[in-house]
Amino acid sequence: MKVLHLDTNHPLLLDQFAELGFENHEDYTSTKEQIEKKIHLYDGIIIRSRFTIDQQFLDKAINLKFIGRVGAGLENIDVEHAKFKEIFLASAPEGNRNAVGEHTLGMLLSLMNHMCKADRQVKKGKWKREANRGVELDGKTVGIIGYGNMGKAFAKKLRGFDVEVICYDIVGGVDDDNARQVGIMEFQQRSDIVSLHVPQTEQTMGMVNTEFIEGFHKPFWLLNTARGKCVVTKDLVKGLKSGKILGAGLDVLEYEKKSFENMFMQKPKAFKYLRKAKNVLLTPHVAGWTVESKEKLAQTIVDKVKERFC
């Protein structure tokens, strides 16, 4: 089969596909329109998030048998039309779930113990102990929204702490030994920490808004290592200002481009607040972006394609 690689990834993808007898072609610079003119020549595509694979693109890919998306989600692919055309879709949430779990835990501990703020102060010669008194995770209730690969990985990392872990998911029966599944009312009543691990869908976009935030019985810390558009930033800022949200760890932002490689050029007022807030920790969509996960993501795609076609 001929496979077109549209994004650079770990070299094992090229190497192992070649070993399977696939013919690898690489094109990391052509526009979507240019790719559409030759996509009929290919049996497979490997992509991260370079552009959206929509219905028009898929209709021109008349010989396409599979799409490998080297990442956790499939939001940049018209999934329904791909299924209609019987194209096999392979994503790789198994490949970076451990990285996401570790990053989420790191953000939470940093927030609760003022580590980033304290680091900046000490480097400036300021020694403020009382102002950086932390809060312990022990005894808290951690609420996880979305209990799939990523949510489960975060819950696993919490096993060494004396915390109660609860989860909320639109799919029933997803709980395990690491988290108890609850309804949304109990979730909002008990959670001290809320961590998002949901895909980007019509149901999850904008889910964290003022109504959602005000529904919680206690002030809480918010973590988002899922998708930026799941949180309405201006409503988050409103919650931070009121004290309803004690702090936020955001690896993703509402203002990211679809490729996740850059933010939009605009810098809204809400984002300016986040940049200056001492109780907000920001990272550039790297929760699943480790040395190890780069290899795991690629290997997961190879394994899924191999199982299906070889």
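Residues numbered from 1 in each chain as written. Predicted model: local features only at pLDDT ≥ 70, side-chain atom pairs only at ≥ 80, totals over all residues. Heavy atoms only, no water.

K.L.:
Tell me about the sheet that holds strand β2 (residues 23–26), and please be specific about residues and values.
P.N.:
The strand order β2-β1-β3-β4-β5 describes an open sheet built from five strands, whose pairing is parallel. Only two strands of the sheet have a single neighbouring strand rather than two, namely β2 and β5 (88–90). Pairs of neighbouring strands in the sheet enclose a mean axial angle of 15 degrees, with direction left out of account. Here four bridges tie strand β1 (residues 2–5) to β2, and the two strands are oriented parallel to one another. Directly across from L4, in β2, lies its bridge partner H25. (Pairing = 2+ DSSP bridges. Helix = DSSP H or I, 4+ residues; strand = E, 2+ residues; numbered from the N terminus. Axes fitted to C-alpha atoms, helices over the stretch in contact; angles between N-to-C directions.)

K.L.:
Describe helix α10 (residues 233–242), with residues and values.
P.N.:
Turning to α10, its buried residues number three or more, namely T233, D235, L236, V237, G239 and L240. G243 lies just past α10 and shows a positive phi near 90 degrees. (Buried < 20%, exposed > 50% of the residue type's maximum accessible area, 1.4 Å probe, protein only.)

K.L.:
Describe the packing of aromatic side chains, with residues and values.
P.N.:
The final tally for this structure, using the stated rule, is 10 aromatic pairs. Centre to centre, the rings of F17 and F66 are 6.3 Å apart; their planes meet at 65 degrees, and the pair counts as edge-to-face. Note that F17 is positioned in helix α1 (residues 12–19) and F66 in strand β4 (residues 66–69), a separation of 49 residues in sequence. Like F17, the residue F66 is buried in the burial classification. Site record: aromatic cluster; members linked through ring pairs are F17, F22, F66, F88 and F309. (Phe/Tyr/Trp six-rings, centres within 6.5 Å; stacked < 30°, edge-to-face > 60°.)

K.L.:
Give me the lowdown on the packing of helix α5 (residues 93–112) against helix α7 (residues 149–157), citing residues and values where you can.
P.N.:
Their axes nearest at 8 Å, the elements α5 and α7 cross at an angle of 50 degrees. For the element pair α5 / α7, the angle class is oblique. Considering the relative orientation of α5 and α7, their crossing is right-handed. Side by side, α5 and α7 meet where P93, E94, N96, R97, N98, V100, G101, E102, T104, L105 and L108 of the first sit next to N149, M150, A153, F154 and K157 of the second. The residue makeup of the contact of α5 with α7, split by class, is seven nonpolar, five polar and four charged. (Parallel < 35°, antiparallel > 145°, perpendicular 65-115°, else oblique. Left-handed = near helix turned anticlockwise from the far one by under 90°. Contact = heavy atoms within 4.5 Å. Nonpolar A, V, L, I, M, F, W, Y, C, P; charged D, E, K, R; others polar.)

K.L.:
Go over the environment of L196 with me, naming the residues and quoting the values.
P.N.:
Its place among the elements puts L196 in strand β9 (residues 193–196). Given the relative accessible area of 0%, L196 is considered buried. Through-space distance from the C-alpha of L196 to that of L223 is 6.2 Å; in sequence the pair is 27 residues apart.

K.L.:
Got a sec to walk through the sheet that holds strand β12 (residues 280–282)? Specific residues and values, please.
P.N.:
Taken together, seven strands build an open sheet; the order of strands is β8-β7-β6-β9-β10-β11-β12 and the sheet is parallel. Either end of the sheet is taken by a strand with one partner, and the two such strands are β8 (180–181) and β12. Two elements, strand β6 (residues 141–145) and β9, share four bridges in a ladder whose sense is parallel. Looking across to β9, one finds that I145 is bridged to L196. Contacts from α5 reach β9, β10 (220–224), β11 (245–250) and β12 within the one sheet, and its direction differs from that of β10 by about 145 degrees. Its contacts with the sheet place α7 against β6, β7 (164–168), β9 and β10, and it is angled at close to 165 degrees to β6.

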